[in-house]
Amino acid sequence: MASRTRMLCEGATMCALMALLLLINRVAGGMIETAFPWLLVFPLLVYCARYGVRAALICCVSILLLSLMLCTFTTLFYVFSASLCALAYGSGGRRGAANRSLLLRTGLISFLSNLLSMVVLASLFGYDPAEEAKLLIELLHADPSMVMRSALVLAVFTVVVCSLLQTLCIHFGALLLLGRIGIPTHPVKAAHEISGPRWLGVTILMIWVLYSWGIVIKLDTGSRLLQLGVLTACLCAAVYGALTLMCAFISRGHPRGMLAAYVLLFVPVVNLFLALLGEADLLFQLRGRMMRGVKNGTSGKL
């Protein structure tokens, strides 16, 4: 009886926390739903990880009913997607699922949510990509078809990047919160343990070569897909470049430099150098050689 009462009290507390976040979002003019939508995931996620999906469904319905009184339509959409993400992650965390599985299910829900809100149903959320593309055509005096293709590629790439960043924020925040309340979680791999396959480096290099070749001969077919591919390849290579830079700071006894490597990932032009560094790491396994050099000493074999 005591555990049942505690479960109900904690459920009411999570609903109150969600109501507080929604009120702050309303007062701040939609700041949370625009910049920090992943904050809406944590109350229900913690409750689901503690008591399971059945108990969390009751809390989820209560949060959605509460949102009808405190939110606009757009905020209600974000609350619904956050609830789905919380149920998926919390149920997996309770069963002890691997980090890869948790990241996959969270990333999929985040991608679908961002795709609906930023591309498919963009007009319902207060902006129209087609009108913005027409404005760019008037400002740049460019070919309309080329601008529309570039705008579509940029929109899809933005959805992918936002989904990736949102997934990482949810994952690391959940690991911190679940560890605080005593729920066992799988430890996160260190930077030097996240190894990239060599075939990925070869694939990225081939995409870059095809894109450069397409600029020279001006390909008409597949240019949109190739633009999306080169943006995704640059993002992937830049992430591995940041990991390589983190390992370099760790090997030289400067762990605070890991934060600098993370910040440089979002600095224009600098992230291009990180992409080149990441490509070199994928092709030549720089991080593995670096850490073997640290273990073997200054005179050890790389």
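Residues numbered from 1 in each chain as written. Predicted model: local features only at pLDDT ≥ 70, side-chain atom pairs only at ≥ 80, totals over all residues. Heavy atoms only, no water.

**Q** Help me understand a nonpolar patch on the surface, please; the structure alone is not making it clear to me.
**A** Together, Leu164, Leu165, Leu168, Phe172, Val188, Leu259, Tyr262, Val263 and Phe266 give the surface a local cluster of nonpolar side chains, amounting to about 790 Å² of exposed area. Where the nonpolar patch is concerned, the elements lending two or more residues are α8 (144–180) and α11 (257–264). Looking at the nonpolar patch, the element that brings in the most residues is α8, giving four residues. (Patch = residues over 30% accessible without salt bridge, like charges linked within 9 Å, V, L, I, M, F, W, Y side chains within 5 Å. Areas by Shrake-Rupley, 256 points an atom, 1.4 Å probe, with all protein chains shown as cover. Salt bridge = Lys/Arg side-chain N within 4 Å of Asp/Glu carboxyl O. Helix = DSSP H or I, 4+ residues; strand = E, 2+ residues; numbered from the N terminus.)

**Q** Looking at this structure, I do not really get the nonpolar core. What am I missing?
**A** A general tendency of soluble globular proteins is for nonpolar side chains to be buried together. Membership of the largest hydrophobic core comes to 36 residues, with the highest contact counts inside it found for Leu40, Leu44 and Leu45. Contributions of two or more residues to this core are made by α1 (2–27), α3 (42–51), α4 (53–70), α5 (73–94) and α8. Broken down by element, the residue count for this core peaks at eight residues, all from α5. When residues no more than four places from it in sequence are discounted, the contact partners of Leu40 are Met18, Leu21, Leu22, Ile32, Tyr78, Val79 and Ala82. Core analysis: the next-biggest nonpolar cluster, separate from the first, contains 17 residues, Trp208, Ala237, Tyr240 and Leu282 among them. (Core = buried A, V, L, I, M, F, W, Y, C linked by side-chain atoms within 4.5 Å. Buried < 20%, exposed > 50% of the residue type's maximum accessible area, 1.4 Å probe, protein only. Contact = heavy atoms within 4.5 Å.)

**Q** Explain the packing of aromatic side chains here, please?
**A** Each aromatic ring pair is characterised by the separation of its centres together with the angle its planes make. Using the criterion set out here, one finds four aromatic pairs in the structure. Ring centres 6.1 Å apart and planes at 75° place the aromatic pair Trp38 and Phe42 in the edge-to-face group. What makes Phe42 buried here is its relative accessible area of 10%. With centroids separated by 5.8 Å and ring planes inclined at 75°, the aromatic side chains of Phe77 and Tyr78 adopt a geometry described as edge-to-face. Since its relative accessible area comes to 17%, Phe77 is described here as buried. A relative accessible area of 15% means that Tyr78 is categorised as buried. Among the aromatic residues, ring-to-ring pairing joins Phe36, Trp38 and Phe42 into one connected group. (Phe/Tyr/Trp six-rings, centres within 6.5 Å; stacked < 30°, edge-to-face > 60°.)

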